[in-house]
Amino acid sequence: MEPEVIEAEMVLPTYLSFKKVQMHEKYPKGQARGRHWKHLKQIIQAENYQNYPPDEPNYVNIESPPSMNPCKKICDITGFEAPYSDPRTNLRYANTEVFKHIRLIPNESVQRYLGLRNAQVVLK
């Protein structure tokens, strides 16, 4: 580099007249810029919820009423959302490939699948 450039000291003024909010006023030295988001675990630890009365609602003991939306029907074989139900076996299925598979399953396995969702048929 040229010696004139090295010797010259470029000093910026601390106050810039064209800026409405000065950076040194908005963010003092050592202060973080922007938001700091806390996770739920950090909030719970910081709030000392064990000191609150048990009947007061907070993040730990909040209770909500049951959902007003109907529960989703899930395919018993694949786990996808199932718009169809087999009338013979009562199993739910998502598409025609699964339906073909359901028709090939023996009755014992059908009862096991229904037992997983507590819908098995007890024959006497």
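From a predicted model like this one, the values you see are computed outputs, not experimental measurements.

Trainee: Could you give an account of the nonpolar core, with specific residues and numbers?
Mentor: If you look at soluble globular proteins, the nonpolar side chains tend to sit buried side by side. Membership of the largest hydrophobic core is limited to ten residues, which are C75, A82, L91, Y93, A94, V98, I102, I105, V110 and L114. Within the residue set of this core, elements represented by two or more residues are α4 (96–104) and α5 (107–116). Not counting residues up to four positions away in its chain, the partners in contact with L91 are D76, S85, D86, I102, V110, Y113, L114 and R117.

Trainee: So, the environment of D86: which residues are in play, and what are the values?
Mentor: Mapped onto the elements of the fold, D86 is located in the loop between β1 (84–85) and β2 (92–93). Here D86 falls in the buried class, since its relative accessible area comes to 0%. D86 sits 13 residues away from F99 along the chain, and the two C-alpha atoms are 7.6 Å apart. The residues touching D86, leaving out its near neighbours within four places in the chain, are L91, Y93, F99, I102 and R103. Reaching out from D86, the side chain makes a polar contact with the side chain of T89 at a distance of 2.6 Å.

Trainee: Provide a residue-level description of the UniProt feature "domain: Vps72/YL1 C-terminal" (unreviewed entry) in the protein chain, including the pertinent values.
Mentor: Per the UniProt annotation, the sites labelled "domain: Vps72/YL1 C-terminal" (unreviewed entry) are residues 73–102. Taken as a whole, residues 73–102 contains 23% helix and 13% strand, while its terminal C-alpha atoms sit 16 Å from one another.

Trainee: Please give an account of the packing of aromatic side chains that cites residues and values.
Mentor: Scanning the entire structure with this criterion turns up two aromatic pairs. Here Y84 and Y93 contribute two aromatic rings whose centre-to-centre distance is 5.5 Å and whose plane-to-plane angle is 25°, an arrangement assigned as stacked. On the accessibility criterion, Y84 (45% relative accessible area) is partly exposed. With a centroid separation of 4.9 Å and an interplanar angle of 40°, the aromatic rings of Y93 and F99 are classed as tilted. The class for Y93 is buried, based on a relative accessible area of 13%. An aromatic cluster of at least three residues, connected via ring pairs, comprises Y84, Y93 and F99.

How each quantity is defined
- Residues numbered from 1 in each chain as written.
- Predicted model: local features only at pLDDT ≥ 70, side-chain atom pairs only at ≥ 80, totals over all residues.
- Heavy atoms only, no water.
- Core = buried A, V, L, I, M, F, W, Y, C linked by side-chain atoms within 4.5 Å.
- Buried < 20%, exposed > 50% of the residue type's maximum accessible area, 1.4 Å probe, protein only.
- Helix = DSSP H or I, 4+ residues; strand = E, 2+ residues; numbered from the N terminus.
- Contact = heavy atoms within 4.5 Å.
- Polar contact = N/O pair within 3.5 Å; in protein donor to acceptor, adjacent residues only side chain to side chain.
- UniProt positions renumbered as here; feature names shortened; annotations may be inferred.
- Phe/Tyr/Trp six-rings, centres within 6.5 Å; stacked < 30°, edge-to-face > 60°.

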